[in-house]
Amino acid sequence: MSKEINRRDFLKTLGASTAAVAGVSLAGCTNVKDTMAQENAKAYTDAEPSGEMTYRVNPNSNDKVSILGYGCMRWPMIDNPDGQGQIPDQEQVNELVDYAFAHGINYFDTAPVYCQGHSEHAMGIALSRHPRDSYFLATKMSNQRVPADATPEEVFRLSKAMYENSLKELQTDYLDYYLLHSIGGGDDSMAFLNHRFFDSGVLDFMVEQKRLGKVRNLGFSFHGDVKIFDYMLQLHDEGKYHWDFVQIQMNYVDWEHAAPGRNVNGVYLYNELHKRGIPVVIMEPLLGGRLSNLPDHVLAVLKQRDPEATAASWAFRFAGSPEGVLCVLSGMTYKEHLLDNLRTYSPLKVLTDDENKFLEDAAGLIHKYPLIECNDCKYCMPCKYGLDIPGILLHYNKCVNQGNLAESTTDSNYERARKIFLVGYDRSVPKLRQADHCIGCRDCVQECPQRIDIPSEMQRINAYVEALRQGTLGQETEEKA
Amino acid sequence: MLRKIRIALAAIFFILITGLFLDFTGTLQQYFGWMVKLQFLPAVLALNVVVIIALLALTLAFGRIYCSVICPMGVFQDVVAWISRLFKKKNPYSYSKPKSILRYAVLAVFVVAIVAGVGSFVALLAPYSSYGRIVTNLLQPVYIAGNNVLAGIAEGRGNYDFYAVEYWMRGLPTLIVAVCSLVVVVVLACVGGRTYCNTICPVGTVLGFFARFSWLKPYIDADKCKNCQKCSKNCKAAAINIQKGMAPTIDYSRCVTCGNCLEQCSFGALTYCHPAKGTTPKNSGDGQPADSGRRAFLTATAVATGAAVAKAQEMKVDGGLAIIEDKKIPERQTKLTPPGSLSARNLAKHCTACQLCIAECPNGVLRPSGNLMTLMQPEMSYERGYCRPECTRCSEVCPTGAIKLITKEDKSSTQIGHAVWVKKNCVPLTDGKECGNCERHCPTHAIQMVPSDPNDEKSIKIPVVNIEKCIGCGTCENLCPARPFSAIYVEGHEVHKMI
């Protein structure tokens, strides 16, 4: 929903709130903003999640897993006291984790590279305050970050160190779920897979850890090249390796509308796993919030069907409905995300056929929108040349969503769209981190699980920005050779 | 009544001219840009005959009301004096003898400096420019800070009308000069009202010369005057001489026609009229041209900005932002001057260093020179931004003709310099990464990428510059990923040319 207000309204509310503050400050009373916050809070407390969480059973280990899993990639961040980047806000993490526990969540999914490398540490602190057998812990072998020219011995050494460090950071001596992180990427996906897991013997090491009981369930998370997915299942079928679970990207848009050549339809991935009896863990059920923050007219369609259901609740019901789904991960940064998801899953109301059909139609609408498929996972970051890639893409998407993407200077809302795009751009992304600084080195491309061609998107967005700045949008521009 | 009208007009001019220096959005400029074009010295330097004649005619008709209404430095002194009088005794002034020799000597030196093209000296004394420097250097930071607070609030409320802008210290010498001028002007204004205008200001001297012959002027009827000296004690120009046994006189070369005296006289002896018989005292004297040194030596401009450089993390993790090292200014053999200035010489000759173009430049390109010959006049550098194709703001605001009005089309084909490639910094060669950011953004397609190894078509590509097509806008230099020194930078041209 658009929250822009015009200049006059802005000055009016500014004046009003100043007056309000001045007027009541003596009495120590609330100001306008506080009242707004209270009203918002009321909407949530009205529906404090009270039902019983839905659980699914993992046939391999008989784990009784909550259908809602906590994704630990999107914690609220604060500046690192040592000045180097940011770290998760431990106080908030603890609070959210405790609340999740109290409402039945028992699956936590992290990785060594999440949250600028600090997610495992924060989880170790938050979870060690609870009995170890009261939750399932998932983390990953994120050795996609090992230098490309490393020898197999180096890959093994670095990977083993990464695994041991995970145990240390998480303050545990065993892991319930361990994943080969994000396979299917890389320019040559098969060579990259071999480099990471087979040539180096890292996978065999993981199998050994499972035999020792230090890893209870071994699986992988998949993005990208379907060839790799099929190959991994072939290994499973041939009995060379056994996958206790697999983590895939699944949501009602990617079910049948996954970007061709870049991602695989959820329906294929799910069916392949389900027919083999492999439990499925779902990631990106909400596409990094894109299925929550919908274009107005798509939201209207959902709301017409059920005015009280949030957009996110549709996406979570979709992800949780198939019976082969063990757990749906959600990176709940804020309490309201957690509350909304708890309401959806306590208990889960499985989608009816009619509702499934309805979401298919909605997916078709969303699919037509020219949004860039960025889920803000930040795998591309930090960009060596200083760009804030997700910041740029999200700002662009926000303007698309709000209808503030002009096509020509003659558009009726051109001036407004221009101001909102340009002013908002400078607010969201510092000038030195904007798209015009992309040199096209393509280092980020193979990091992106959505396989977005980031450099060409940067150039496209910058061309749009330049057209806005120079006032030449929609005019014939000479083609560059 | 006359005084009230004068104060009202002065307030309008003063506030709007000050606003022109503060307003980074260029909105005021559209409506009130003409106010700075009325300034006397800029008009002289721009050879704006219409304005010069109009101002002289105004002075010949009404006296030096220019100094009381149009000149922001004059009004500023009135404001300072008014504030200081709130804390002081009521009648602070008294008649003083004219310092004619000093006035005309300063004027003479000033004229010589203009002719000789010693811009820095001209800039130091010019009243409008002095005021501009004070506002730009001392008030604009406060204004921008206020704006940024407002922008922060607006952002929180989803409003897009206010946006944050960056303020940076553009030149230390100019800041020091601004502070010194402010101190001198404030002290002089507190102690002696219009002392600056009547001893140092060359514009005041010129207009004072004409004001002696003005048609309308304050006139004391000697028959009605009781020698109470009330008017004299309230004359901020110290121009009214009332002594027992002598006919009262007013030095019209110093009177700025403020009208303060008119309301003081209890006996109806003072009126603003055309006196029946002129009783103007005569004094004149031409000064001798003074000599001025021509050695150019550089004064330190930029305060070194220490950029913290951190080593890359050992193993990449998700998220976070790479640290961006600040760009450093390359040493340019020839300084860059903005499109429209025609040549370095034209700029130096016409510019009074009022800082208006610098205050207005939205791209962080213009900053005051630290060179003694062109001290405080604008020059360009691209480490913060580049000269954007859609912007001709400096040429629009310049009142002196130092930067002549230029269209976007002409600007896009005016060559002010040319790009020079610096092999040792170029990212394809240092990092082994495909780049081409300079080529991609060059507005005139003056850059193309060629294989670095002439025998290998597939070797990594490096930029080459066609200096005939390059206009020197600095896009390549600013967007070059090499830091702190860009791998491509712009060398200035002394004389601009159309390509």
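Keep in mind the model is a prediction, meaning the values are calculated, not measured.

Basis of the calculations
Residues numbered from 1 in each chain as written. Chains lettered and ligands numbered in written order. Predicted model: local features only at pLDDT ≥ 70, side-chain atom pairs only at ≥ 80, totals over all residues. Helix = DSSP H or I, 4+ residues; strand = E, 2+ residues; numbered from the N terminus. Buried ≥ 20, exposed ≤ 12 C-beta atoms within 10 Å, placed from the backbone. Contact = placed C-beta atoms within 7 Å. Nonpolar A, V, L, I, M, F, W, Y, C, P; charged D, E, K, R; others polar. Domains from an automatic or database assignment. Pairing = 2+ DSSP bridges. Right-handed = clockwise from strand over helix to strand, strands pointing away. Axes fitted to C-alpha atoms, helices over the stretch in contact; angles between N-to-C directions. Parallel < 35°, antiparallel > 145°, perpendicular 65-115°, else oblique. Left-handed = near helix turned anticlockwise from the far one by under 90°. Arc of directions from axis to C-beta.

1. What to know about the overall build of chain A
Each helix and strand in chain A was counted, giving 18 helices and 12 strands. Relative to its full complement of 481 residues, chain A shows a buried share of 43%. The contacts in chain A between residues at least 6 apart in sequence include a share of 74% that link residues at least 24 apart.

2. Comments concerning the interface of chain A and chain B
If you look at the interface, chain A gives 42 residues, while chain B gives 29 residues. If you tally residues by element for the side of chain A that touches chain B, the top one is helix α17 (residues 414-428) of chain A, at six residues. In terms of residue class, the side of chain A that touches chain B is built from 17 nonpolar, 11 polar and 14 charged.

3. Concerning the domain arrangement of chain B
Taken domain by domain, chain B consists of domain 1 (2-211) and domain 2 (417-499). The straight-line distance from the C-alpha centre of domain 1 of chain B to that of domain 2 of chain B is 43 Å.

4. Some thoughts on the pairing of strand β9 (residues 215-222) of chain A
All names here are of chain A. By the criterion of burial, β9 is predominantly enclosed, with seven of the eight residues buried. Where strand β8 (residues 175-183) lies against β9, six bridges are found, and the strand directions are parallel. Within the sheet, the bridge partner assigned to Ile-183 lies in β9 and is Phe-222. In this structure, β9 lies alongside strand β10 (residues 245-249), joined through four bridges in parallel fashion. When the sheet's bridge partners are listed, Gly-219 is paired in β10 with Phe-245. Handedness of the β9-helix α9 (residues 226-237)-β10 crossover: right-handed.

5. Thoughts on the domain arrangement of chain A
Residue and element names in this part refer to chain A. Domain parsing of chain A yields domain 1 (55-368) and domain 2 (389-470). Computed over C-alpha atoms only, the centres of domain 1 and domain 2 are separated by 29 Å. Contact with domain 1, which involves 10 residues of that partner, is made by five residues of domain 2. Of the residues that constitute the side of domain 1 that touches domain 2, the class distribution is one nonpolar, seven polar and two charged.

6. Looking at the packing of helix α3 (residues 90-102) of chain A against helix α5 (residues 119-127) of chain A
All names here are of chain A. Between α3 and α5, whose axes approach to 9 Å, the crossing angle comes to 50°. Viewed along their axes, α3 and α5 adopt a mutual orientation that is oblique. Relative to α5, α3 is oriented so that their crossing is right-handed. Contacts between α3 and α5 involve Gln-90, Val-93, Asn-94 and Val-97 from the former and Ala-122, Ile-125, Ala-126 and Leu-127 from the latter.

7. Some details on helix α8 (residues 202-211) of chain A
Residue and element names in this part refer to chain A. Those residues of α8 lying buried are Val-202, Leu-203 and Met-206. Along the axis of α8, the buried positions cluster into a sector of 100°, meaning they face one direction only. Exposed residues lying more than 90 degrees from the buried face of α8 are Glu-208 and Arg-211. In this fold, the buried residues of α8 make contact with β7 (136-141), α6 (152-169), β8, α7 (189-198) and β9. One or two residues past the end of α8 sits Gly-213, with phi positive at roughly 85°.

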